[in-house]
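Chain by chain, the residues:
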Amino acid sequence: MPQTIPLSWYLVLSAVLFALGAAGFVFRRNIITMFMSIELMLNAVNLTFIAFAYHLRQVDGQVFAFFVMVVAAAEAAVGLAIILTVFKNRATLQVDEIASMKN
Amino acid sequence: MDAIIFLIFAAAAVIFGINVVLRTHPVSSALALIGVMASLAVIYLLLGAPFLAAVQVLVYAGAIMVLFLFVIMLLNAGSEKKSRGAWMARLAGVPLLVALLTILSFVIFRMYPRSVGVKFGSFAAGTVERVGSALFTTYLLPFEITSLLVLIAILGAVVLGYKELD
Amino acid sequence: MNFFLLSAIKMAMVMGVLMLTLLYLQWAERKVVAHIQVRLGPYRVGPHGLLQPIADTLKLLLKEDLTPPGVNKGLYVFAPFLAITLSLISIVVIPFGPAIEVAGVQTWMQLTDLNVGVVFVLAISSLAVYGIVLAGWASNSKYPLLGSLRSAAQMISYELPLGLTIAAPLLMANTLSLREIVLSQSHYYWGWIPAWNVLHGPLPQVIAFVVFMIAAFAETNRIPFDLPEAETELVAGFHTEYSSMKFAGFFMAEYANMFTVCSMATVLFLGGWLPPWPAEKGSVFFPSVMFAAAGLIALRHGLYRARPRDRRSFQVIAMVSFGLAALFLIPAFAQFFSPLFWFGLKTGLLLFTFIWVRGTLPRFRYDQLMRFAWSFLFPVAAVNLMATALLVAIFG
């Protein structure tokens, strides 16, 4: 078994997770699941940051990943508050049915 | 040893990730997402970032996902209904995503050939001391601005929730 | 010695002692609560009910394992498993004692020391809520769901003061490794007063310690914060639908969590395995004196009891205590076991507080619980942290 793993494997893992997140965001119609797909994409990006922090032997990438986590937490708090409000007013979580501005 | 751990957890992350997208019930998706986050935390450890691995579990799995589950249970959200928009998105989206993934992988493999490797333990800067000192010296201004952002987020959440109550 | 072999041996020892502790913690709780309520508690199975935990375990093992209809099967089985796993993981970073040398092998009385130990414990304890939330949701029943919703809100709320109070002693210790935190408390003021974080300058962390303990009660779902399983309101809360070994899993997880938070409090605030006054000034003799005194009391009770069974059992307890007292006089034995004794004594006193409070205080109302966390505990913890940071910056 080789002692080193190519950096590209980490990056491809990140790309796969990002694509899955994007797919979830596009395909799913439940607002909460869409939101979770965004979190998945953010996680994938974090992996890239940390992989490059390793590659460049710098701690800055990790600091940036830290900021992403903080922002994701803030975003989750506000986003879920918005979802609660939407559900209160529309009684649905399907994004297709929240279309009162359409037509 | 490194390679085995990486492969196990990378496979776990991808399988959980597929579950996030394919499961129709939000609770199952949320649990799969927690699985992705936990697997990624292990991979962060391999990349020499123990502090971020712990924070990943603490913040993402321990706080954000609990909030998600809480909201899902509070709203008693059931399985997702099929709709026409979703079908159209799938038709157009799948080729686009496959193309995106292919291009990304191609670029990655071109830029970073096999010789550029990751060896566990050869980079140990992810300690609390190093991350902390970078955070409070080089990145002090972004850090303070982030605290402002969090404050605004709290206010926003309170305002939205308050309206909802009365 | 081989790293894996050594780890396996240490793990087996810790697991064995821990499981025994958990079993008898439940016995101790029943006994203490009984005596607070002027009852005798378990008395029939074995002398003083000492075999009661084993009988209970057997009963739970042999009970029918019910799976109610309509539950989400996978998660229903997974939840208690998750709860117990997460409650046991944190033990790996708790330091029970200093470095020891057995048969030429030097090792620490700790399974592993992470340089992010404290964050690790916080991360694992923040996951503990999943066991409860999933149990409540998978049960597909009203009361469990209400219990798990309460639990999620409560645990998120009390994690904040918990985290803030943990940060204050970290500022004084300047490290996140639990072992180093204990070592940073190892000197004495004027040769007598220990520099434990709860007494250590520039700002003694008394407030942090009290807030930590209150938040720990809430995190472990103990009375007065046991809203998730409030039996007068929610039948049994999140584990209403569980029976047999799955119920035992939740039960054990609760006690394991109690043990973890108490040992965390010991490490962070009470100096871990360090004795309260220096060894050369006589703290090495304290275990002997304590066990001898306990033996004398037991002997006295044994001689004047009306019940013939008590007359025998108290004398056995007295003999065991005298034996332990004698053992602690042997330097080679005391060297190994007095750190463990002090750690156990401190953790045990905190665990006793948990049981004592259970026998004393009534349950909070839900709105009181939330208001208490956000408008009292959180500000107090935040002010304490800021004051500590300021004083450490000035004097540290």
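Anything mentioned here points back to the structure above.
Thresholds, definitions, all that
- Residues numbered from 1 in each chain as written.
- Chains lettered and ligands numbered in written order.
- Predicted model: local features only at pLDDT ≥ 70, side-chain atom pairs only at ≥ 80, totals over all residues.
- Heavy atoms only, no water.
- Contact = heavy atoms within 4.5 Å.
- Salt bridge = Lys/Arg side-chain N within 4 Å of Asp/Glu carboxyl O.
- Polar contact = N/O pair within 3.5 Å; in protein donor to acceptor, adjacent residues only side chain to side chain.
- Helix = DSSP H or I, 4+ residues; strand = E, 2+ residues; numbered from the N terminus.
- Buried area = accessible area lost by both parts, 1.4 Å probe.
- Nonpolar A, V, L, I, M, F, W, Y, C, P; charged D, E, K, R; others polar.
- Pairing = 2+ DSSP bridges.
- Phe/Tyr/Trp six-rings, centres within 6.5 Å; stacked < 30°, edge-to-face > 60°.
- Buried < 20%, exposed > 50% of the residue type's maximum accessible area, 1.4 Å probe, protein only.

Engineer: I tried to follow the interface of chain B and chain C on my own but got confused; where do I start?
Structural biologist: Often, the extent of an interface is quoted as the loss of accessible area on bringing the components together. Of the residues lining the interface, 21 residues belong to chain B; the matching set on chain C comes to 22 residues. Across the contact surface, chain B and chain C share 0 salt bridges. Between the two partners, chain B and chain C, sit 2 residue pairs in polar contact (both at pLDDT 80 or more). Contributions of two or more residues to the side of chain B that touches chain C are made by helix H2 (26-46) and helix H3 (50-75) of chain B. The leading source of residues in the side of chain B that touches chain C is H3 of chain B, at 15 residues.

Engineer: So what exactly am I meant to see when it comes to the side chain of Asn 43 of chain A here?
Structural biologist: Within the secondary structure, Asn 43 of chain A is located in helix H2 (residues 31-55). There is a polar contact of 2.8 Å between the side chain of Asn 43 of chain A and the side chain of Gln 56 of chain B. Not counting the four nearest positions on each side in its chain, Asn 43 of chain A is found in contact with Met 37, Leu 40, Tyr 44, Gln 56 and Tyr 60 of chain B.

Engineer: I keep staring at the arrangement of the chains and nothing clicks. Help me out?
Structural biologist: In this assembly, 2 pairs of chains are in contact, and the pair contributing the most contacts is chains A and B. No part of chain A reaches chain C; the closest C-alpha pair between them is 13 Å apart.

Engineer: Hey, could you run me through the interface of chain A and chain B in this one?
Structural biologist: Taken together, the contact between chain A and chain B spans 72 residues of the former and 84 residues of the latter. Taking both partners together, chain A and chain B bury about 7400 Å²; carbon and sulfur atoms supply 77% of that area. Contact with chain B buries area across many residues of chain A, yet Phe 27, Met 36 and Tyr 54 of chain A alone supply 10% of it, more than any other trio. Here chain A and chain B share 0 salt bridges between them. Seen at the junction of chain A and chain B, the total is 3 residue pairs in polar contact (both at pLDDT 80 or more). Of all the secondary structure elements, the ones that give two or more residues to the side of chain A that touches chain B are strand E1 (5-6), helix H1 (7-27), H2 and helix H3 (60-90) of chain A. For the side of chain A that touches chain B, the element with the highest residue contribution is H3 of chain A, accounting for 23 residues. When its residues are assigned to classes, the side of chain A that touches chain B shows 51 nonpolar, 13 polar and 8 charged. In this structure, E1 of chain A lies alongside strand E1 (residues 117-118) of chain B, joined through 2 bridges in antiparallel fashion. Paired with Ile 5 of chain A across the two strands is Val 118 of chain B, which belongs to E1 of chain B.

Engineer: Sorry if this is basic, but what is going on with the packing of aromatic side chains here?
Structural biologist: The geometry of an aromatic ring pair comes down to the distance between the two centres and the angle between the two planes. Residue and element names in this part refer to chain C. With the rule as written, the count across this model stands at 27 aromatic pairs over all chains. Each ring, one from Phe 286 and one from Phe 341, has its centre 6.4 Å from the other, and the planes form 50°; the classification is tilted. Placement of Phe 286 in helix H10 (residues 286-303) and of Phe 341 in helix H12 (residues 331-360) is noted, with a sequence separation of 55 residues between them. The class of Phe 286 is partly exposed, set by a relative accessible area of 26%. By relative accessible area, Phe 341 is classed as buried at 10%. Seen in terms of ring centroids, Phe 328 and Phe 341 are 5.6 Å apart; in terms of plane orientation they differ by 65°. Their pairing is edge-to-face. Residue Phe 328 is found in the loop between helix H11 (308-327) and H12, and its partner Phe 341 is found in helix H12; the two are separated by 13 residues along the sequence. With respect to class, Phe 328 is no different from Phe 341; both count as buried.

Engineer: Honestly, the pattern of salt bridges in this entry has me stumped. Any pointers?
Structural biologist: Should the charged atoms of two oppositely charged side chains come close, the side chains can pair. Residue and element names in this part refer to chain C. What the rule picks out here adds up to 5 salt bridges over all chains. For Glu 29, the salt bridge identified is with Arg 222, shortest N-O distance 2.8 Å. Of the two residues, Glu 29 sits in helix H1 (residues 3-36) while Arg 222 sits in the loop between helix H7 (206-219) and helix H8 (231-234), which places them 193 residues apart along the sequence. In this structure, Glu 29 and Arg 222 share a single accessibility class: buried.

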